[in-house]
Amino acid sequence: MSVVTKQHIVSWLQELATELKENREYLTKLDSDIGDADHGLNMNRGFEKVMEKLPMYENKCLGTIFKQTGMTLLSSVGGASGPLYGTFFLKAATSLNGKEEASIQELIAAMDDGVGGIVSRGRTKPEDKTMCDVWWPTMEAMHHAADHDKDLSEVIDLALHTAEEAMRATIPMQARKGRASYLGERSIGHQDPGATSSMLMIKALKKTLA
Ligand code: ADP
Ligand code: MG
Ligand code: MG
């Protein structure tokens, strides 16, 4: 398989909504250790809204599907994560405008744009202990695999493996952004909630493309 269809993109969002529902308590528990115990609630609320609205635009182009997803997240999720994930989808939408399907390279380019949006909005640097600490190595792994002519399922296998390791690698980091940074050294020893939901995004993509 080498082409990402509209059905893939729609099912990615559906799988993600399911992952976020199943992991709601887990994400909230992680956020209760170093934040305000709402990350699971925030993400689940946002993607319940996305699922509610998806039927209105699931037949439109890939760009529209991502753009509407981003707008829904921006308007329905409070906290840091809503604007950040909302920006991811809005920025990822741009290059997919008018497209009914995408090559693996086009999907990766769109995700790069999305991550770029998170980084510029959140002003994050490596090892700040945020979701970006999952996105950077994951995108690098996807590029690496795609550049070596791996097929879609191999690219996504490597991406998930990398995302899981990167998520665990946030445990020893001291937070320098977001609420967790208020804890200073006490943020060390806990897995970042946003890094965890970002891994779930890759997990949902794998379920879709496997
Ligand atoms: P809030 O902290 O406002 O309650 P959430 O709990 O939903 O929002 O999300 C917290 C997550 O957001 C963190 O675990 C972290 O991964 C991510 N985050 C916070 N600030 C930033 C930032 N400036 N850049 C990137 N990610 C961030
Ligand atoms: Mg929180
Ligand atoms: Mg909050």
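Preceding this paragraph is the structure being described.
Residues numbered from 1 in each chain as written. Chains lettered and ligands numbered in written order. Predicted model: local features only at pLDDT ≥ 70, side-chain atom pairs only at ≥ 80, totals over all residues.

A. View of the packing of helix H1 (residues 6–22) against helix H3 (residues 39–53). One way to put it is that H1 packs onto H3 with a least axis distance of 9 Å and a crossing angle of 145 degrees. At the point where H1 passes H3, the crossing takes the left-handed sense. Residues Leu 13, Gln 14, Leu 16, Ala 17, Leu 20 and Lys 21 of H1 pack against Met 43, Asn 44, Phe 47, Glu 48, Val 50 and Met 51 of H3. (Axes fitted to C-alpha atoms, helices over the stretch in contact; angles between N-to-C directions. Helix = DSSP H or I, 4+ residues; strand = E, 2+ residues; numbered from the N terminus. Left-handed = near helix turned anticlockwise from the far one by under 90°. Contact = placed C-beta atoms within 7 Å.)

B. Up close: the nonpolar core. Within the largest apolar cluster, 58 residues are counted, with the highest numbers of intra-cluster contacts made by Leu 16, Phe 89, Ala 92, Val 134, Val 155, Ala 159 and Ala 163. If we skip the residues at most four places from it in the chain, Phe 89 touches Phe 66, Thr 69, Gly 70, Leu 73 and Gly 114. (Core = buried A, V, L, I, M, F, W, Y, C linked by C-beta atoms within 7 Å. Buried ≥ 20, exposed ≤ 12 C-beta atoms within 10 Å, placed from the backbone.)

C. How the structure looks around the environment of Ala 109. In this structure, Ala 109 sits in helix H6 (residues 104–122). Take Ala 109: there are 16 C-beta atoms within 10 Å of it, and that puts it in the partly exposed class. In sequence terms Ala 109 and Gly 98 are 11 residues apart; their C-alpha atoms lie 15 Å from each other.

D. Representation of the site of ligand 1 in the model. Lining the immediate environment of ligand 1, one finds 23 residues, of which Gly 79, Ser 81, Gly 122, Gly 178 and Gly 194 sit closest. Looking at the shell around ligand 1, the elements with two or more residues in it are H3, helix H5 (81–94), H6 and helix H9 (193–209). At three residues, the largest contribution of residues to the shell around ligand 1 is made by H9. (Near = placed C-beta within 6 Å.)

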